[in-house]
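Now for the letters of each chain:
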Amino acid sequence: MNRTENKAIRNIAIIAHVDHGKTTLVDSMFKQSGLFREGQQIDDRLMDSMDLERERGITIAAKNCAVGWKGVKINIIDTPGHSDFGGEVERALSMADGAILLVDASEGPLPQTRFVLDKALQGGLKIIVVINKIDRQDARPLAVLDEVYSLLIDLDANDDQLDFPVLYAIGRDGIATESLDTPGENIHILLDKIVEELPGPRYKKDEPFQMLVSDLSYSDYLGRLAIGKVVNGNINSGESLVCINKQGESFPLKVSKLQAYSGMSLKEVSAVGPGEIVVLSGIEEVHIGDTICSKDNPKALPRITVDEPTVFMKFYRNTSPYAGLDGKFVQSSKIEERLKKETLLNVSMQFENTDDGEGWIVKGRGELQMAILIETMRREGFELAVGRPQVIFKTENGKKMEPMEHVYIDCADGFSGIVTEKLSRRKGKLVNMTHGETGRVRLEFKAPARALIGYRDEFLTDTRGTGLLNTSFAGYEEYKGDFARRFSGSLISDRSGTAVPYALFNLEPRGILFIKPGEKVYEGMIIGEHNRENDLNVNPTKTKKLSNMRASGKDEAVTLTPILPMTLERAIQFIKDDEIVEITPKILRIRKIFLSAQERKRQENYERSQIDT
């Protein structure tokens, strides 16, 4: 059946690596499309609406907005640049008909660009390439353009996709140009290219209404909101429809409110046609990937497929002696409800109860995705505890298989030796090495995913904060064997109380401390990293013995070494298998799963007996 193009709409995804200027470019498109009135006060980085996005400078959740240009509505779909949020990428691209590939004029296309671009090319999207930050001192736009061509050829782009228009931009200043010799004045040329070069959404004229649910949201006033692109047909507000779920079952629903994007907000509309991105309310039992369609002629669309999770973490209720002092939500039922809600909104995440019923196993695409979920829950007032991230193994033909990663490293030449040594120790294999002109080297490794858990902080220390490390999923391969993860033990508090300077000063030679004087401690809480392999029980509450005799020169105030504040990522990367991180809205603590020293000894003996038998 012939398809017709809706020329009044363009649905475009913006693809870029972290920090290549995507959000700034979208800001300029907003400002120059006439969306805001003259002199109106507006925030920078409008698309990064979450606090965590603004703090970290990364896009986490795919979001939609719309601008008008020369009579055409342009729906802009922001995609995350990090492969850990791949579920967001696949959802976003299911609504797009074209894409803008944004690349830094110095760094060129990086691994996460490759990940999202591969998904876009598989979906048959036509692209416009924008080489951004051409004002950088180390900009090399022509060399970067060659790298973009090489990447597209490597990803099996078709001839139509390879015949892309190229623009050069300074997103921060809101200017773009077709030629490096002609300075740009504004971003209008990019908006023109979107309208001229990228296709409008295509639909079948005679088909009834069909919409694929690509995203979910929630409103206190309207209930659950289903977001997606109208693939075929028209819809009116108040119309009776049906929803077809994963099992192929259909159930009736009525649209109580119909909304479409206008700028950064939603606007109520009475009817929409094919190709428009809409928000339907009044639908309770709906999931991402479901089809909403006409009641008279229900037909399901192909569901959104998402790459499988590769990492899991155990979540527990907080059971420490100080549980319930900081958080609003501490009950198991509240934590389970919140995790269930996350899996409804995030298709790349799954959760299930543990065998012993004492916690939950949450599966996802990477440790950063997990850390973002935990940090979000923490800010919402939850108290919980989490274990170490672990990879998901598979068995194929009787062989143990594990997830692998392509690891791309950019560092100064002098650090390549230590980086290669550390990753080789973790079963990583060097597959490519390229020397740059500026004294930096690009290394490409293939390494087990478990090798990278806890390695990022070590890498930054080894490269003195100047190295760049990026990864992309490389499929499953046969298990590469065991390797040591951490060569140090833990300093464990042997009692409850308050840490005092005198005790901490005397513990400093034993290792690196995590706590400051005045902090509350309890038995089984880890207060530092031991400088030997074994764990050590210590007393951080020990005070100096006082007598009525004055000791000459011995009563000066003790001076402690400043401690590095504990972050969530550092904590979950530090812990071993028998340790967990206690997370409350105000504080992070690391502890043993079994708090009592006797219990830990009993568990150790039990595990040893199991190995012997």
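Since we're looking at a predicted model, the values are computed, not measured.

As for the overall build of the protein
Okay, step 1: Along the protein, the regular secondary structure elements total 14 helices and 37 strands.
Okay, step 2: Taken over 613 residues, the protein has a buried fraction of 52%.
Okay, step 3: Taking the contacts inside the protein whose residues are at least 6 apart along the sequence as the reference set, 71% of them involve residues at least 24 apart.

Focus: the environment of arginine 589
Okay, step 1: Note that arginine 589 resides in strand 37 (residues 588-592).
Okay, step 2: Separated by 74 residues in sequence, arginine 589 and isoleucine 515 place their C-alpha atoms 9.2 Å apart.
Okay, step 3: With sequence-adjacent residues up to four places away left out, arginine 589 is seen in contact with Tyr322, Lys520, Tyr522, Met525, Ile580, Val581 and Glu582.

Some points on unusual backbone geometry
Okay, step 1: One non-glycine residue, lysine 70, lies in positive phi territory at about 55°.
Okay, step 2: Considering the arrangement of structural elements, one finds lysine 70 in the loop between strand 3 (63-69) and strand 4 (72-78).

A closer look at the packing of helix 8 (residues 332-345) against helix 9 (residues 367-379)
Okay, step 1: Where helix 8 contacts helix 9, the two axes come as close as 12 Å, and the packing angle between them is 130°. By the angle between their directions, the pair helix 8 and helix 9 is classed as oblique. Seen along the crossing, helix 8 lies across helix 9 with a hand that is right-handed. Two secondary-structure elements touch here, helix 8 through Ile335, Arg338, Leu339 and Glu342 and helix 9 through Leu373, Thr376 and Met377.

As for the pairing of strand 6 (residues 126-132)
Okay, step 1: Most of strand 6 is tucked away: 7 of the 7 residues are buried.
Okay, step 2: When strand 6 meets strand 7 (residues 166-170), the two strands line up parallel, connected through 4 bridges. Directly across from valine 129, in strand 7, lies its bridge partner valine 166.

Points about the packing of helix 1 (residues 22-32) against helix 7 (residues 188-197)
Okay, step 1: It is the contact of helix 1 with helix 7, at a shortest axis distance of 10 Å, that shows an interaxial angle of 90°. In terms of orientation, helix 1 lies roughly perpendicular with respect to helix 7. Judged by residue contacts, Leu25, Met29 and Gln32 of helix 1 engage His188, Leu190, Leu191 and Ile194 from helix 7.
Okay, step 2: In the contact of helix 1 with helix 7, the residues fall into 5 nonpolar, 2 polar and no charged.

Some remarks on the environment of lysine 520
Okay, step 1: Mapped onto the elements, lysine 520 comes out in strand 33 (residues 520-521).
Okay, step 2: Taking C-alpha positions, lysine 520 is 9.9 Å from proline 540, a pair spaced 20 residues apart along the chain.
Okay, step 3: Other than its neighbours up to four places away in sequence, lysine 520 contacts Tyr322, Gly497, Met525 and Arg589.

What about the packing of aromatic side chains?
Okay, step 1: All told, the structure shown has 6 aromatic pairs when counted by the stated rule.
Okay, step 2: When the ring of tyrosine 322 is compared with that of tyrosine 522, the centres are 5.5 Å apart and the planes differ by 75°; the resulting orientation is edge-to-face. Remark: tyrosine 522 occurs in the loop between strand 33 and strand 34 (525-530) and tyrosine 322 occurs in the loop between strand 20 (311-316) and helix 8; sequence separation between them is 200 residues.
Okay, step 3: A residue is classified by how much of its surface remains accessible, and tyrosine 322, at 14% relative accessible area, is buried.
Okay, step 4: With a centroid separation of 4.8 Å and 40° between ring planes, the pair formed by phenylalanine 329 and phenylalanine 382 is classed as tilted. In this pair, phenylalanine 329 sits in the loop between strand 20 and helix 8 while phenylalanine 382 sits in the loop between helix 9 and strand 23 (384-386), placing the two residues 53 residues apart along the sequence.
Okay, step 5: Take phenylalanine 382: its relative accessible area is 6%, and that puts it in the buried class.
Okay, step 6: We note lysine 400 situated over the ring of phenylalanine 393; from NZ or CZ to the ring centre the distance is 4.4 Å.
Okay, step 7: One residue, lysine 400, lies across the ring of tyrosine 479, its end atom 4.2 Å from the ring centre.

Let's talk about the side chain of glutamate 402
Okay, step 1: Structurally, glutamate 402 is set in strand 26 (residues 399-412).
Okay, step 2: A distance of 2.9 Å separates a polar atom in the side chain of glutamate 402 from the backbone nitrogen of lysine 480.
Okay, step 3: In contact with glutamate 402, not counting residues within four places along its chain, are Phe393, Pro448, Arg450, Gly475, Tyr476, Glu477, Glu478, Tyr479 and Lys480.

Points about the pairing of strand 28 (residues 440-448)
Okay, step 1: Pairing of strand 26 with strand 28 involves 9 bridges; the strand directions are antiparallel. Its bridge partner lying in strand 28, methionine 404 is registered against proline 448.
Okay, step 2: As paired strands, strand 27 (residues 429-435) and strand 28 are joined by 6 bridges and run antiparallel to one another. Bridging across to strand 28, lysine 429 finds its partner in lysine 446.

A short note on helix 5 (residues 141-154)
Each α-helix turn comprises 3.6 residues. Residues three or four places apart therefore point the same way.
Okay, step 1: The end-to-end C-alpha separation of helix 5 is 20 Å, in line with the 20 Å expected for 14 residues at 1.5 Å each.
Okay, step 2: Within helix 5 the residues assigned to the buried category are Pro141, Val144, Leu145, Val148, Leu151 and Leu152. Looking straight down helix 5, one finds that the buried residues subtend no more than 120° of arc, so they occupy a single side. Facing away from the buried side of helix 5 by over 90 degrees, the exposed positions are Leu142 and Ile153.
Okay, step 3: Two residues or fewer past helix 5, aspartate 156 is found with a positive phi of approximately 60°.

Some details on the pattern of salt bridges
Okay, step 1: The final tally for this structure, using the stated rule, is 36 salt bridges.
Okay, step 2: Lysine 70 is the partner of aspartate 192 in a salt bridge, and the nearest nitrogen-oxygen pair spans 2.9 Å. You can see aspartate 192 sitting in helix 7 and its partner lysine 70 sitting in the loop between strand 3 and strand 4, a full 122 residues away along the chain.
Okay, step 3: Residue classification places lysine 70 among the exposed positions, given a relative accessible area of 64%.
Okay, step 4: Between aspartate 535 and lysine 592 there is a salt bridge, with its nearest N and O atoms 2.7 Å apart.

Some details on the confidence of the model for the protein
Okay, step 1: Scored by pLDDT, the protein has a mean of 82; 89% of the residues are at 70 or more.
Okay, step 2: Averaged over each element, pLDDT in the protein is lowest for helix 2 (residues 51-56) (47) and highest for strand 33 (94).
Okay, step 3: Counting contacts from residues 36-50, a segment whose pLDDT is below 50, to residues more than four positions away or on other chains yields 37 contacts.

Structural notes on the state of the cysteines
Okay, step 1: A full pass over the atoms with the stated rule returns 0 disulfides.
Okay, step 2: For cysteine 243, which is in no disulfide, the shortest distance to another cysteine sulfur is to cysteine 293 and amounts to 7.9 Å.

Digging into the side chain of glutamate 405
Okay, step 1: Turning to its location among the elements, glutamate 405 is positioned in strand 26.
Okay, step 2: Those residues within four positions of glutamate 405 in sequence are excluded, and the remaining contacts are Phe445, Lys446, Ala447, Ala449, Leu452, Thr471, Ser472, Phe473 and Ala474.

Here is what the cut-offs are and how they apply
Residues numbered from 1 in each chain as written. Predicted model: local features only at pLDDT ≥ 70, side-chain atom pairs only at ≥ 80, totals over all residues. Heavy atoms only, no water. Helix = DSSP H or I, 4+ residues; strand = E, 2+ residues; numbered from the N terminus. Buried < 20%, exposed > 50% of the residue type's maximum accessible area, 1.4 Å probe, protein only. Contact = heavy atoms within 4.5 Å. Axes fitted to C-alpha atoms, helices over the stretch in contact; angles between N-to-C directions. Parallel < 35°, antiparallel > 145°, perpendicular 65-115°, else oblique. Left-handed = near helix turned anticlockwise from the far one by under 90°. Pairing = 2+ DSSP bridges. Nonpolar A, V, L, I, M, F, W, Y, C, P; charged D, E, K, R; others polar. Phe/Tyr/Trp six-rings, centres within 6.5 Å; stacked < 30°, edge-to-face > 60°. Lys NZ or Arg CZ within 6 Å of the ring centre and 35° of its normal. Polar contact = N/O pair within 3.5 Å; in protein donor to acceptor, adjacent residues only side chain to side chain. Expected span 1.5 Å × (residues − 1). Arc of directions from axis to C-beta. Salt bridge = Lys/Arg side-chain N within 4 Å of Asp/Glu carboxyl O. pLDDT = per-residue confidence, 0-100. Disulfide = S-S within 2.5 Å.

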